[in-house]
Amino acid sequence: MLKKLGLLIFVVIVGLTVVIAFNTITNTPPEVITEQIAIPQIDEMAAAKRLSQAVQFKTISQSREAPVAAAEFGKMHALLNASFPTVASNLKKQIISEHSLLYKWEGSDPALPAAILMGHMDVVPVEPGTEDRWEHPPFSGVIKDGAVWGRGTLDDKLSVMALLEAAEFQLKAGLKPKRTIYFAFGHDEEIGGPNGAGKISEFLEEQGVRVAFTLDEGMVIVQGIMPGIERPIAFIALAEKGYLTLELTATATGGHSSIPPKETAVGKLSKAVSALEANRLPTALQRPVSDMFDALAPYMPTSLKAVISNRWLLEPVLLGQLGKGGATNAMVRTTTAATIIQGGTKDNVLPTSATATVNFRILPGNTIEDVVAHVNDTVNDPSVTVKVKQGGNPSKVSRQTSESYKKIEKTIMETLPDVIVSPGLMLAGSDSKHYEKLADDNYRFIPMRFGPKDLSRVHGTNERVMIKNYAEIIRFYIRLMENVAQ
Ligand SMILES: [Zn+2]
């Protein structure tokens, strides 16, 4: 009997090893056959100078309550008119909510659903006290060391300028799209985009416009962040995470601190916050993160490739590793971050209440209700109330199989032959969410090249784009317009 069991275990182990080895070995990169395309000649320095001018306008989104920087947006609009005369005279321009812009490049075949290429003209403020950490002042648009420096060179004036550079190029070259192409540039993305992208999308919906896809900022080309992969990876985000801010309030009877209860409001609140940190939401491998691993596995070192190629068996191992921390944790989990805590007024007075703000980024597959239920279960204290301050569910997950995705992917392979293309999940938010109902699919990608240290430049100090990379981005859009025009 024991001998038979031993034999059975042996057969199972051999069988599993064979399956795991087979799945690993046969997981190879797709064959890429790409026709050679002519590289368009563009005046890189002239384009860099136009971007530099755009950076100099302080189109800052401070907060939803603060007034819009109207005069600065006016200057930005004037620059676009002056810089791209062929666009100005050929495309129909509409101003939405006074400061946002929608250009329409009418296609010859009205039966084809439109494409919307997006960007935003507003930028985040410079954090007070960090001004002198900038190598060049944030609104100077200095061109030095092969780069354009300043707020908006990465997020996101470069999209607006590069898209119009490409449109100007293609109009002059005589491109006549069959499909209508829109350029949609919001003015309030950094405060959620309600009046820019929100209203542009409403306007198009009222007109009954059918949209195949939107392409917005979101993910980029990164190098040196995926273990074992040397080549740069272009991530096309198929979704963005949701956002939820909860306020926890603990209440207690006040009084003098000389005769305290066992727990004060501050004590109860601290317990609630540490319970939330100790009981994070569970990990899960969901689309589009699972799509990403499927795309990247063939390029990974054998040990990792074996785990990813055999997820039917080894998914718990993979999730255990990914959930340990940093960016990979954020890809497989609704994250929890306690960000503000307040309570008490005087050292010898018992506080009657204390509040904490906790920010969650919700993974596709979870909802606001799931998170609130998890928080209530975890805190499990009737004297601590949980209130939703601000929230939005994760976006839908767009298709990796659509014609539109394939066109974006093809354009990347044609214009940036050194990169690997992969789907991805955007961990932050974008204007794309406003177009979810309108478009069949929403994609988020700009071919900006980032090393491990460049991520902190976005919304941080020393934001800058290399001119060589800016030229690549323009060429990418030039080719994309040809590919989506059909
Ligand atoms: Zn942005």
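None of these values were measured; they are calculated from a predicted model. (Residues numbered from 1 in each chain as written. Predicted model: local features only at pLDDT ≥ 70, side-chain atom pairs only at ≥ 80, totals over all residues. Heavy atoms only, no water.)

*Asks:* So what's going on with empty space enclosed by the protein? Which residues, and what values?
*Replies:* Enumeration according to the criterion identifies 1 cavity of 30 Å³ or more in this entry. Considered as a void within the structure, the largest cavity measures approximately 30 Å³ in volume. Around the largest cavity sit Leu117, Met118, Ser159, Leu163, Leu215, Asp216, Glu217, Phe445 and Tyr477, which together line it. Mapped onto the lining of the largest cavity, the elements with two or more residues apiece are strand E3 (114–120), helix H5 (157–173) and strand E7 (211–222). By residue number, the principal contributor to the lining of the largest cavity is E7, which donates 3 residues. (1 Å grid on protein atoms, 1.4 Å probe; cavity = no way out; pocket = protein on both sides within 12 Å on 5 of 7 lines; lining within 4 Å. Points joined across faces, edges and corners; volume = space filled by probe spheres on them. Helix = DSSP H or I, 4+ residues; strand = E, 2+ residues; numbered from the N terminus.)

*Asks:* Now, about the pairing of strand E2 (residues 100–105): what can you tell me, with residues and values included?
*Replies:* Where burial is concerned, most of E2 is hidden: 5 out of the 6 residues are buried. Two elements, strand E1 (residues 92–96) and E2, share 5 bridges in a ladder whose sense is antiparallel. Within E2, the position partnered with isoleucine 96 by the bridge is serine 100. Between the antiparallel neighbours E1 and E2 lie 3 residues, among them serine 97 with a positive phi of about 50 degrees. Pairing analysis gives 5 bridges linking E2 to strand E6 (residues 181–186), with the strands arranged antiparallel. Residue tyrosine 103 lies in a different strand from E6, and its bridge partner there is phenylalanine 183. (Buried < 20%, exposed > 50% of the residue type's maximum accessible area, 1.4 Å probe, protein only. Pairing = 2+ DSSP bridges.)

*Asks:* Please provide a residue-by-residue account of the coordination of the zinc ion, values included.
*Replies:* In this structure, His120 (NE2), Asp155 (OD), Glu217 (OE) and Glu217 (OE) serve as the protein donors to the zinc ion, at separations of 1.9 to 2.5 Å. With 4 donor atoms in place around the zinc ion and angles of 54 to 148 degrees between them, the coordination shape is irregular. Donor residues binding the zinc ion come from one chain and are separated in sequence as H-x34-D-x61-E. Residue aspartate 155 is located in the loop between strand E5 (147–149) and H5, and its partner glutamate 217 is located in strand E7; the two are separated by 62 residues in the primary sequence. Neither aspartate 155 nor glutamate 217 differs from the other in exposure class; each is buried. (Donors = N, O, S within 2.8 Å, 3.2 Å for Na, K, Ca; no water. Tetrahedral: all angles 85-135°; square planar, octahedral: opposite > 155°, others 65-115°.)

*Asks:* Outline the domain arrangement of the protein, supporting the account with residue identities and numerical values.
*Replies:* By the assigned domains, the protein splits into domain 1 (44–239 + 396–485) and domain 2 (242–392). Its C-alpha centre places domain 1 at a distance of 32 Å from the equivalent point of domain 2. Each partner contributes residues to the interface: domain 1 has 21 residues there, and domain 2 has 17 residues. Roughly 1400 Å² of surface becomes buried between domain 1 and domain 2 when both sides are summed, with 77% attributable to carbon and sulfur atoms. At the boundary of domain 1 and domain 2, one finds 0 salt bridges. At the boundary of domain 1 and domain 2, one finds 1 residue pair in polar contact (both at pLDDT 80 or more). Broken down by element, the residue count for the side of domain 1 that touches domain 2 peaks at 6 residues, all from strand E15 (residues 420–426). (Domains from an automatic or database assignment. Contact = heavy atoms within 4.5 Å. Buried area = accessible area lost by both parts, 1.4 Å probe. Salt bridge = Lys/Arg side-chain N within 4 Å of Asp/Glu carboxyl O. Polar contact = N/O pair within 3.5 Å; in protein donor to acceptor, adjacent residues only side chain to side chain.)

*Asks:* Any chance you could break down the sheet that holds strand E4 (residues 143–144) for me, citing the residues and the numbers?
*Replies:* The strand order across the open sheet built from 3 strands is E4-E5-E17, with neighbouring strands paired in antiparallel fashion. One side of each edge strand has no neighbouring strand; the edge strands of this open sheet are E4 and strand E17 (464–466). Sheet topology note: the E4/E5 ladder contains 2 bridges and is antiparallel. Paired with isoleucine 143 across the two strands is valine 148, which belongs to E5. Lying on the sheet, helix H14 (residues 467–485) is in contact with E4, E5 and E17; it crosses E17 at an angle near 75 degrees. (Axes fitted to C-alpha atoms, helices over the stretch in contact; angles between N-to-C directions.)

*Asks:* If you had to explain the sheet that holds strand E11 (residues 335–343) to someone new, which residues and values would you point to?
*Replies:* Pairing in this open sheet of 4 strands is antiparallel, and the strands run E11-E13-E9-E14 from one edge to the other. Of all the strands in the sheet, the pair left with one neighbour each is E11 and strand E14 (384–392). With strand direction ignored, the average angle separating the axes of adjacent strands in the sheet is 20 degrees. By the bridge criterion, 8 bridges tie strand E9 (residues 242–251) to E14 in an arrangement that is antiparallel. The partner of leucine 246 across the bridge, within E14, is valine 388. Sheet strands touched by helix H12 (residues 368–379): E9, strand E13 (353–362) and E14. Its angle to E9, the strand with the most contacts, is close to 30 degrees.

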